[in-house]
Number of protein chains: 2
Amino acid sequence: MLTVVAEDGHEGYAFQSPDVIRPSVVDKYLRPALVGEDAFYRERIWQNVEQRQRGSSGQLADKALSAMDQALWDLAGRALNLPVHRLIGGFRDKIAAYGSIMCGDDIPGGLATPDDYGNFAQELVSRGYTAIKLHTWMPPMPGAPDPRNDVRACAAVRKAVGPDIALMLDGYHWYNRSDALYIGKALEELDFLWFEEPMDEASMSSYAWLSANLSIPVIGPESMQGKYRTRAEWVRGNASDILRTGMLSAGGLGPVLKTAHLAEANGMNCEIHGNGAANLALCMAVANCVYYERGLLHPHLDYDQPPLYLNAIPDPMDGEGFVHASQLPGLGEDINFDYIRSHAID
Amino acid sequence: MLTVVAEDGHEGYAFQSPDVIRPSVVDKYLRPALVGEDAFYRERIWQNVEQRQRGSSGQLADKALSAMDQALWDLAGRALNLPVHRLIGGFRDKIAAYGSIMCGDDIPGGLATPDDYGNFAQELVSRGYTAIKLHTWMPPMPGAPDPRNDVRACAAVRKAVGPDIALMLDGYHWYNRSDALYIGKALEELDFLWFEEPMDEASMSSYAWLSANLSIPVIGPESMQGKYRTRAEWVRGNASDILRTGMLSAGGLGPVLKTAHLAEANGMNCEIHGNGAANLALCMAVANCVYYERGLLHPHLDYDQPPLYLNAIPDPMDGEGFVHASQLPGLGEDINFDYIRSHAID
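If you're wondering where the values come from, they're calculated on a predicted model, not measured in any experiment.

Looking now at the domain arrangement of chain A. Residues and elements named next belong to chain A. The domain architecture assigned to chain A consists of domain 1 (2-81) and domain 2 (86-324). Computed over C-alpha atoms, the centres of domain 1 and domain 2 are 28 Å apart. Between domain 1 and domain 2, the contact holds 16 residues from the first and 19 residues from the second. Buried surface at the junction of domain 1 and domain 2, both sides included, amounts to about 1,300 Å², of which 60% is carbon and sulfur.

Here is the structure:
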């Protein structure tokens, strides 16, 4: 947990892997930019720290920048006693979630076969989900990648849930153009809502080619380096129909908003990648997104069980498939400080 | 003055011409979107009202939308006891102002000749300005428009202020391509910083042509309909080197931020058009702008004298040419409520 403390005692928090916000990163890059600064000067702090990334030889990751920005927004919301989506300027009170199914596996009763996907999707619909996204099999799973098996899983899910559930595919990320086109055409037949990252995103031209050859919306980029600047190139290059960004790769709430604004100015939606309190707050503030990504989900896991460091999950879903805006100040994470204190290491 | 009152008694204000926020506009478009809403749901309110513009037959102007959004940001800042630039997330505490000289006239001792511009520019430098923008002669001034006279005024100013003052030109807006190119080449010789709106902005192709043929940065669009969406087209069309937006035409602080973000994602600056508390707050929050437009200025007018409805101007300048961020809650306008109350009409 990254904690930013203001002089007046207000605090902001962000959870991130200790590999990402390890002490050397905090000491070398974050602390010098934060100590002595006005915590409400988020843009100046962010710009200053971002410019340290290039010289950091990869040590200052986008995720670390995200964690810092997230903690600053959380601090602002907590200090002002205001949920962050209302601090940004709210757009909605609730948003439909898509159940984001984990990658395929070889576990009995898990996600080993197309029928496993179909059965689990049916189960998700019974819980209230109105939209479902599949992640399919990737190496080292036996037989993966296999475009035909991906399509089989998608067909099994469509058959299981009927025509009224929105479906998306986010499968193997290194298909060639032909395989991606084959899958995309099949998804059109299956009335899928979007097709996500079937190829390496470094080849933007491949995405422009794919988007031009498919009627199903292609969404991206998600994992390509370069934050909102890369997204601007994708817009100019007509490389996708829907932009994509989120707290994991954008570098913070500020950059997610910049990407959403870039998309809106260009008549495009921008869907938010990933779950968690910050992405949820962004979904409540961004006009041109449609879904919240709830997951990852697996038949053997209980997503609704909070992790030990939280008293409650930030994104409970109602029976109609909606996740509601948090009313808590800041990003709305209900943190179990007792647990964290008693399990802290030096 | 447009006033938005929240249920808890907090208020936000925006000044705009009574022609723009006349009662029928407020009653028909603004009031229905605001009453019963959460005042912190700025994005939802804005999107709802903006969609009423098309059906309003021009009655719901961008300026009215701007005034509404401005009042909502002001309300949020006042309710949270926070200056708006820190609510957005601050980037700077002060910004260099350019003295924005009024259009040419035929008034003795005014702006009737190139030398008048030179003399006034010298006077502005002595007040602390480090940057100056000229508006030159427009019809119905005798002899206007005249590209050669525009260049003469620019040359007189450069000669008067020396090489270290940043200079910009924003002259007649309906030159043809040849005249615009002639002026632009002259501005390059005179080491001007940018060249603003020499042609009708509806001809985006003319701007792309001009930008391709000049090394001096071309800035725009400023007055073209379409808010951030038009700016996105200019980016895609390489129609300008610097984007431009501001409270007068953008439709509010939110859309100005969207345009600045669009520009930043595309590696461009976005300069803020116009003066006033809202534009100043935006200058303090936007990373990719360089100047605040202070003016319009004229030898016979005292810009530092507040209008009767304000106790102080929002943008006093220090001796080194900087305007500082307001520390007042909201947009920082120090409103003379007594004056307004005693001069209100039904």
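Each partner contributes to the interface: chain A provides 34 residues, whereas chain B provides 34 residues. Between chain A and chain B, the buried area comes to about 3,100 Å², and carbon and sulfur atoms account for 49% of it. Counting the surface chain A buries against chain B, the share from its top three residues, Tyr41, Arg236 and Glu264 of chain A, is 20%. Taken together, the links from chain A to chain B amount to six salt bridges. Taking the shortest distance from any N to any O, the salt bridge between Arg86 of chain B and Asp38 of chain A comes out at 2.8 Å. For the pair chain A and chain B, the interface holds 33 residue pairs in polar contact (both at pLDDT 80 or more). Among the secondary structure elements, those contributing two or more residues to the side of chain A that touches chain B are helix H2 (42-50), helix H3 (62-80), helix H4 (84-88), helix H9 (227-236) and helix H11 (253-265) of chain A. By residue class, the composition of the side of chain A that touches chain B is 16 nonpolar, seven polar and eleven charged.

Next up on the list: the relation of the copies chain A and chain B. Once chain A has been moved 0.0 Å along the axis and rotated by 180°, it coincides with chain B to within an RMSD of 0.0 Å. This pairing of chains is accounted for by a two-fold axis. When C-alpha distances to the rotation axis are compared across chain A, the minimum falls at Leu262 of chain A, with a value of 2.3 Å.

So, about the packing of aromatic side chains. Using the criterion set out here, one finds 19 aromatic pairs over all chains in the structure. Taking the centre distance of 4.8 Å and the plane angle of 45° together, the rings of Tyr207 of chain A and Trp234 of chain A count as tilted. You can see Tyr207 of chain A sitting in helix H8 (residues 204-213) and its partner Trp234 of chain A sitting in helix H9, a full 27 residues away along the chain. Residue Tyr207 of chain A is classed as buried on the basis of its relative accessible area of 0%. Using a relative accessible area of 2% as the deciding quantity, one classes Trp234 of chain A as buried. Where Tyr172 of chain B meets Trp174 of chain B, the ring centres are 5.4 Å apart and the plane angle is 65°; that geometry is what we call edge-to-face.

Definitions and cut-offs
- Residues numbered from 1 in each chain as written.
- Chains lettered and ligands numbered in written order.
- Predicted model: local features only at pLDDT ≥ 70, side-chain atom pairs only at ≥ 80, totals over all residues.
- Heavy atoms only, no water.
- Domains from an automatic or database assignment.
- Contact = heavy atoms within 4.5 Å.
- Buried area = accessible area lost by both parts, 1.4 Å probe.
- Salt bridge = Lys/Arg side-chain N within 4 Å of Asp/Glu carboxyl O.
- Polar contact = N/O pair within 3.5 Å; in protein donor to acceptor, adjacent residues only side chain to side chain.
- Helix = DSSP H or I, 4+ residues; strand = E, 2+ residues; numbered from the N terminus.
- Nonpolar A, V, L, I, M, F, W, Y, C, P; charged D, E, K, R; others polar.
- Least-squares fit on C-alpha atoms with pLDDT ≥ 70 in both.
- Phe/Tyr/Trp six-rings, centres within 6.5 Å; stacked < 30°, edge-to-face > 60°.
- Buried < 20%, exposed > 50% of the residue type's maximum accessible area, 1.4 Å probe, protein only.

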